[in-house]
Structure formats: structure tokens, C-alpha cells
Amino acid sequence: MSDPVRSPGLRQCCSAAVGLIVGALRPRRVDERFIRSVVDAGLPTPGTTVTVTALPQVARSVPTAAIVEGTFSPRRIDNAMTSFVVTHPQASFIVDPALCVDVEDRAIAQLPAVLRVAVHPPADAIPTVTGLTQLALPPVDFALPTHAHWDHISGLLDFPGLPVHLHRIEREWVSSGPIAPVGGVRDSMRDRPLIDYELDGPPVSTFTRSRDLFGDNSVILVDLRGHTPGSIGVLAHTRRGWILIAGDAAWHELQVENVRQKSGYPGVLVDEDRDETFKTLQRLHLARHVVRVIPTHDHQAALRLASRPDTPDRAAP
Ligand SMILES: [Zn+2]
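Residues numbered from 1 in each chain as written. Predicted model: local features only at pLDDT ≥ 70, side-chain atom pairs only at ≥ 80, totals over all residues. Heavy atoms only, no water.

A.B. asks: Just to check I follow, could you spell out the packing of aromatic side chains for this structure?
C.D. replies: Within a pair of aromatic rings, the relevant descriptors are the distance that separates the centres and the angle that separates the planes. Applying the stated rule across the entire model yields two aromatic pairs. Judged by centre distance (4.9 Å) and plane angle (5°), the ring pair of phenylalanine 93 and phenylalanine 142 falls under stacked. Taken together, the residues span a long stretch of sequence, with phenylalanine 93 in strand β5 (residues 92–95) and phenylalanine 142 in strand β6 (residues 142–144) at a distance of 49 residues. Per residue, the accessibility class of phenylalanine 93 equals that of phenylalanine 142, and both read buried. The cationic tip of lysine 262 hangs over the ring face of tryptophan 251; the distance from NZ or CZ to the ring centre is 5.2 Å. (Phe/Tyr/Trp six-rings, centres within 6.5 Å; stacked < 30°, edge-to-face > 60°. Helix = DSSP H or I, 4+ residues; strand = E, 2+ residues; numbered from the N terminus. Buried < 20%, exposed > 50% of the residue type's maximum accessible area, 1.4 Å probe, protein only. Lys NZ or Arg CZ within 6 Å of the ring centre and 35° of its normal.)

The structure is reproduced here in C-alpha cells:
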């Protein structure tokens with residue numbers, strides 16, 4: 001059965017439209033007091049290295065101003081619904097299984113109309129299961145979405161029975177009540193093992209809470225709350241240093257570099273808590289010199305995983 005759809009109210013849509021215009025002219029400014037208050041806990045000594053592979057995906061070119069508030073140069077940027085495979089000696093897993101086959105009917109149809117236009121993937125977008133096959137990667141052991149929005153989880157529909165690790169607060173957020181936030185996610189989680197976890201580990205870098213996934217400091221989940229209540233980032237130690245798959249805490253690295261929040265439309269409709277999202281963005285900004293931040297939808301950032309072919313981290317075009 002499909003999820004009922006929670007339609008954004010008129011007030012929310014108006015506020016998104018107004019936010020788009022106001023933000024374009026006067027983007028939200030860095031909160032200097034908050035920045036000064038952030039403590040850098042440093043990075044742990046990793047016990048091993050892992051491989052991070054971005055699956056092939058087709059990008060769509062979108063106006064920068066529709067993604068990064070108050071930013072008009074370059075005029076357009078590439079946006080994609082990318083999935084990543086992390087390979088650790090003990091297990092391999094897929095981060096953000098983004099798209100299922102027939103995503104239009106199986107997930108997008110459940111979204112509110114006002115969002116459908118903004119989030120449409122290109123017609124030739126590559127389902128996650130197809131991307132995995134194209135790279136001939138071995139089967140993954142589980143999935144780990146950065147958050148439970150349809151474009152980070154609907155690919156699970158093509159992996160029946162694959163276990164999913166989900167931050168407990170995120171699971172409660174999408175599971176409680178008759179209506180899933182935004183819509184299009186509950187079908188993907190049905191009839192499969194769901195493994196709850198908490199971020200009960202110490203602060204890491206500029207992030208306040210963490211979870212050491214394999215107990216060897218090589219893959220650490222960090223708290224990126226705001227976009228959704230339980231958003232996390234996957235901090236992975238690779239041969240080229242630390243990579244942070246940041247989900248939708250930012251949509252593009254320009255946001256991280258220049259501390260610019262998402263544009264009002266559709267940002268207001270998709271960021272559950274705009275203030276908390278902005279705090280998290282500032283934490284990413286402070287961490288960016290020691291960890292390479294890769295927003296899930298930033299196509300060029302994902303492609304740069306392939307910039308040095310002598311290393312195992314790679315992205316296919
Ligand atoms: Zn997304």
C-alpha cells in the first residue's frame with residue numbers, strides 16, 4: 001500500500017517562494033557566535049582503510065540559484081541522485097540507495113505535487129540496482145541511508161530482503177503517525193530487516209555525536225541533523241584521507257565552502273529544521289579542510305572521487 005501524501009500547506013509554499021526571493025537578494029549570514037562556539041574534537045586514528053565508490057549516475061543541469069542561496073556563478077551546476085558503495089574488510093554496504101526502477105510510479109507519485117516538479121530525476125537516470133550491475137561490484141551486505149527521504153531510500157525496492165541500518169530517531173520520524181513526512185519512503189522499508197542504531201559515541205571533528213560502525217575507527221557515522229531529525233554523514237577513512245558523504249546536509253559543495261543555505265524553494269519544503277540545518281552546514285564548513293565533504297547530490301564532487309586513478313576510490317560517469 002502506498003503512503004498517504006502530506007501536502008505542504010499554502011503558508012509553507014508561500015514561505016518557500018518568499019524565501020527564494022529574499023534569500024537570493026540577502027542570503028543568510030554566517031552566525032559568528034555559533035562558529036566560535038564549535039569545538040573541534042579531532043579525528044581518531046583509523047584501524048584500516050576502506051574504498052568509497054560512487055555509482056554511475058546521470059546528472060541534470062540546474063540553475064545554481066535554485067540550489068545555493070544567493071549564488072549566481074557559475075550559472076548552472078550538475079545535480080544527481082548518486083549512491084555510494086563503501087567496502088570495508090568485514091562488509092560492504094550501499095550509502096543512499098537512491099532510485100528504484102520505475103521511480104516515477106513507485107515513489108515520486110506519492111510526493112506532493114509542489115515538490116514533484118522540483119525533484120524530478122532525468123528520464124535516463126540510472127536506478128541503483130543497475131548502477132551496481134554496471135560496475136560489476138560484489139553484492140552488498142546492507143544499506144545505510146544518510147536519511148529517510150525517498151531519493152535516498154527508494155532504490156531499496158529493487159533489493160528485497162536487504163537489511164537497512166537506520167538512525168533510530170529517523171526511523172521513528174518516518175514510521176510514526178498515519179503520514180510519512182514528504183512521502184514515498186515506507187514501501188522501501190517494508191518487509192526487510194531494519195537495524196536501529198544510536199549515535200552514542202563521542203564527538204568527532206566538529207560533530208557532536210558519532211557511531212563507529214565497525215569498531216576500528218575507519219567508518220564513523222556523525223550527526224548532521226536538521227535536514228531531517230536523524231540525518232547522518234558517513235565519514236570514511238580512505239587511502240586518500242577522510243571522505244564525508246554528507247547526504248542532504250548540503251546539496252552542493254559551494255554551500256559548504258561559502259556557508260550558503262539551500263535556496264528557499266525547494267529548501268523550505270524539504271529542510272525539516274532550517275535553523276538546525278544551518279548550524280550543521282557551519283560544522284561542515286569548519287571540518288572541510290580535514291575531511292572531503294561530498295554532498296550526495298553534488299555530481300562533480302562525486303566524480304572527483306575518480307580524479308586519481310591510481311587509488312581505489314572512484315566514481316563512474
Ligand atoms: Zn536528497
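That was the structure; now back to the text.
A.B. asks: Help me out: how do you make sense of the coordination of the zinc ion in this one?
C.D. replies: Ideal donor angles around a metal are set by the shape: a four-donor tetrahedron calls for 109.5 degrees, a six-donor octahedron for 90 or 180 degrees. On the protein side, the zinc ion has Asp151 (OD), His152 (NE2), Asp248 (OD) and His297 (NE2) as donor atoms, found 2.0 to 2.2 Å from it. In this structure, the zinc ion is coordinated by four donor atoms arranged in irregular fashion, with angles at the metal of 85 to 159°. Taken in sequence order, the residues that donate to the zinc ion follow the motif D-H-x95-D-x48-H. One end of the pair, histidine 152, is in the loop between β6 and β7 (164–167); the other, histidine 297, is in the loop between β13 (291–294) and α11 (299–303), and 145 residues separate them in sequence. In this pair, the class of histidine 152 matches that of histidine 297, namely buried. (Donors = N, O, S within 2.8 Å, 3.2 Å for Na, K, Ca; no water. Tetrahedral: all angles 85-135°; square planar, octahedral: opposite > 155°, others 65-115°.)

A.B. asks: Would you mind showing me how to read unusual backbone geometry here?
C.D. replies: For residues that are not glycine, phi is negative in most cases, and the peptide bond is trans in most cases. The omega torsion of the bond from serine 73 to proline 74 falls at -5°, within 30 degrees of zero and hence cis. Tracing the sequence through the fold places proline 74 in the loop between β2 (60–63) and β3 (76–79). The peptide bond linking tyrosine 265 to proline 266 adopts the cis configuration, its omega dihedral lying at 10°. With respect to the helices, strands and loops of the structure, proline 266 is situated in helix α9 (residues 264–270). One non-glycine residue, aspartate 102, lies in the positive phi region at around 55°. Tracing the chain through its elements places aspartate 102 in the loop between β5 and α3 (103–106). Overall, the relative accessible area of 52% leaves aspartate 102 in the exposed class. Look at asparagine 217: it is not a glycine, yet its phi comes out positive at around 60°.

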